[in-house]
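Here's the letter readout for the chains.
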Amino acid sequence: MPIPVLICDDSALARKQMARTLPKEWDVEITFANNGAEGIEAIRAGKGEVVFLDLNMPVMDGYEVLQTIQQEDLPALVIVVSGDIQIKAHERVKALGALDFIQKPVSADAISNILQEYGILTIALGEEAIESPMIKVDLRDACQEVANVAMGRAADLLAKLLDVFVLLPIPNVNVLEVSELTMTLKATEERSTVSALCQGFIGAGVAGEALLLFHDSSFKDMAKLMGLANPEDRNTEVEVMIDTGNVLIGAFLNGISEQLHMKFSQSHPVVLGRHCTVNDLIHDNSEKWSRTLAMEINYRIEDHDIQCDLLLLFTEDSLPTLNFKLGYLFE
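A few points on the structure. Computed from a predicted model, the values in this text were never measured in an experiment. (Residues numbered from 1 in each chain as written. Predicted model: local features only at pLDDT ≥ 70, side-chain atom pairs only at ≥ 80, totals over all residues. Heavy atoms only, no water.)

**Side note on the packing of helix α6 (residues 139-162) against helix α9 (residues 234-260)**
The geometry of α6 relative to α9 is characterised by a closest axis approach of 8 Å and an angle of 140° between their N-to-C directions. Relative to α9, the element α6 lies oblique. Relative to α9, the crossing made by α6 is right-handed. For the pair α6 and α9, contact is made by Glu-145, Val-146, Ala-147, Val-149, Ala-150, Met-151, Arg-153, Ala-154, Leu-157, Leu-158 and Leu-161 and by Val-247, Leu-248, Ala-251, Phe-252, Gly-255, Ile-256, Glu-258 and Gln-259, respectively. Split into classes, the residues belonging to the contact of α6 with α9 amount to 14 nonpolar, 2 polar and 3 charged. (Axes fitted to C-alpha atoms, helices over the stretch in contact; angles between N-to-C directions. Helix = DSSP H or I, 4+ residues; strand = E, 2+ residues; numbered from the N terminus. Parallel < 35°, antiparallel > 145°, perpendicular 65-115°, else oblique. Left-handed = near helix turned anticlockwise from the far one by under 90°. Contact = heavy atoms within 4.5 Å. Nonpolar A, V, L, I, M, F, W, Y, C, P; charged D, E, K, R; others polar.)

**Here's the deal with α9**
A rise of 1.5 Å per residue sets the reference length of α9, with its 27 residues, at 39 Å; its end C-alpha atoms lie 38 Å apart and thus fit the reference within 8%. For α9, the side-chain oxygen to backbone nitrogen distance between the N-cap and Asn-235 is 2.9 Å, and the N-cap itself is Asp-233. (Expected span 1.5 Å × (residues − 1). Polar contact = N/O pair within 3.5 Å; in protein donor to acceptor, adjacent residues only side chain to side chain.)

**Quick look at the pattern of salt bridges**
In this structure the tally under the stated criterion is 8 salt bridges. The residue Asp-9 makes a salt bridge to Lys-104 at a minimum N-O spacing of 2.7 Å. Linking Asp-9 in the loop between β1 (3-8) and α1 (12-21) with Lys-104 in the loop between β5 (100-103) and α5 (108-117), this pair joins segments that are 95 residues apart in sequence. Here Lys-104 falls in the buried class, since its relative accessible area comes to 3%. Here Glu-41 and Arg-44 are joined by a salt bridge, their closest N and O atoms 2.6 Å apart. (Salt bridge = Lys/Arg side-chain N within 4 Å of Asp/Glu carboxyl O. Buried < 20%, exposed > 50% of the residue type's maximum accessible area, 1.4 Å probe, protein only.)

**Regarding the sheet that holds strand β4 (residues 77-82)**
Where strands meet in a sheet, backbone hydrogen bonds hold them as pairs that are either parallel or antiparallel. Strand order in the open sheet formed by 5 strands is β2-β1-β3-β4-β5, with parallel pairing between adjacent strands. The sheet is open, and its two borders are formed by β2 (28-33) and β5, each paired with just one other strand. Sheet twist, expressed as the mean angle between neighbouring strand axes with direction ignored, is 20°. Here β1 runs beside strand β3 (residues 50-53); their pairing, made up of 4 bridges, is parallel. Paired with Val-5 across the bridge in β3 is Val-50. Taken strand by strand, α1 contacts β1, β2, β3 and β4, and its axis lies near 170° from that of β2. (Pairing = 2+ DSSP bridges.)

**Quick word on the pairing of β1**
Of all 6 residues in β1, 6 are buried; the element is thus mostly enclosed. Covered by surrounding structure in β1 are Ile-3, Val-5 and Ile-7 together with Pro-4, Leu-6 and Cys-8, the residues of both alternating faces. As defined by bridge partners, β1 adjoins β2 across 6 bridges and the pair is classed as parallel. If you follow Pro-4 over to β2, its bridge partner there is Glu-29. Read as a crossover between parallel neighbours, the route from β1 over α1 to β2 is right-handed. (Right-handed = clockwise from strand over helix to strand, strands pointing away.)

**Focus: the nonpolar core**
Within the largest apolar cluster, 55 residues are counted, with the highest numbers of intra-cluster contacts made by Phe-252, Ile-256, Met-295, Tyr-299, Leu-312 and Phe-314. Looking at this core, the element that brings in the most residues is α6, giving 12 residues. For Ile-256, the contacting residues outside a window of four places in its chain are Val-146, Ala-150, Phe-264, Met-295, Leu-312 and Phe-314. (Core = buried A, V, L, I, M, F, W, Y, C linked by side-chain atoms within 4.5 Å.)

**Describing the packing of aromatic side chains**
Summed over the entire model, instances satisfying the criterion amount to 3 aromatic pairs. The interplanar angle of 75° and the centroid separation of 5.3 Å between the aromatic rings of Phe-201 and Phe-314 together place this pair among those described as edge-to-face. Within this pair, whereas Phe-201 is found in strand β8 (residues 194-203), its partner Phe-314 is found in strand β13 (residues 307-315), the two being separated by 113 residues in sequence. With a relative accessible area of 1%, Phe-314 lands in the buried category. Three or more aromatic residues link up through ring pairs in this structure, and these residues are Phe-201, Phe-264 and Phe-314. (Phe/Tyr/Trp six-rings, centres within 6.5 Å; stacked < 30°, edge-to-face > 60°.)

**As for the side chain of Lys-104**
Among the polar contacts listed, one links the side chain of Lys-104 to the side chain of Glu-145, at a separation of 3.0 Å. In this structure, Lys-104 is in contact with Asp-9, Ala-14, Asp-54, Val-81, Ser-82, Gly-83, Glu-145, Asn-148, Val-149 and Arg-153, ignoring residues within four places of it in sequence.

**Description of unusual backbone geometry**
The phi torsion of most residues other than glycine is negative, and most of the peptide bonds are trans. The omega torsion across Lys-104 and Pro-105 is -10°, close enough to zero to call that bond cis. Checked against the element boundaries, Pro-105 lands in the loop between β5 and α5. Phi at Val-59 takes a positive value of approximately 70°, unusual for a residue other than glycine. Tracing the chain through its elements places Val-59 in the loop between β3 and α3 (62-72). Even without being a glycine, His-261 presents a positive backbone phi close to 55°. When you line up the elements, His-261 lands in the loop between α9 and β10 (265-266).

The following block contains the structure:
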């Protein structure tokens, strides 16, 4: 009798990748959920004896799913599959009852090893091969999942350097006109002021700029975490921005390059604006961007008044190459 397996992830690409990496001979019946709330309903309906669970999802995230499973004592063996590879994320999901943790992007070997380690695969061997599910993936969804993995790499590096836990959002990915850029920064209040850093990057057929918007209210806390003297000094603020940018931008681009099998060269960081509104910043630099693929990540540090927006802007000319590079993930 097939084992009911639930794959719970808001990304169509991630669901497709996860299903394709399950052992072919495993006798299972797969159910998909787009968010944690759908996942809980599926588990309650007996469709999730084994659950592969993402952490960053809308409606109900993976942590909330694990808490609900504990509270209701639901019969589910949960393996977390996430791009958030922070040590504290591992510790928290284990404390909430997760069986184990696999980092994205998943591999068939990693899945098979875990299933065998916990005795799940050996008791579920069947005679018929599992059929590969038909899941439609578009460019935006693929880019969002690539951004999700890269975001986790950058957060992990920042968390290790500062000994903190970085709260991660769902990446916001869209193809935009320059007039729409400000609207993508939904985590930034209209009346708040920011300071901004810009760094160009280029690869084979792909180019763009990374924009780091640092909320002015975050400088003091960030300087203290970095062990810098005179946190309110102008030079210290620039140092905080550059150091944060080096970590987040560099790690994020490395995360993308690993997934797309390409290398990026980065220019020196340039301070775009100091203590200004997002509207003013975009308006003053509007000639730098036209139609663009934008990836927006809002990083926040738990228990600290620190947040910054990382915005990757790919040129319109980069879209055909990105489509080609991501094409193999669609198959």
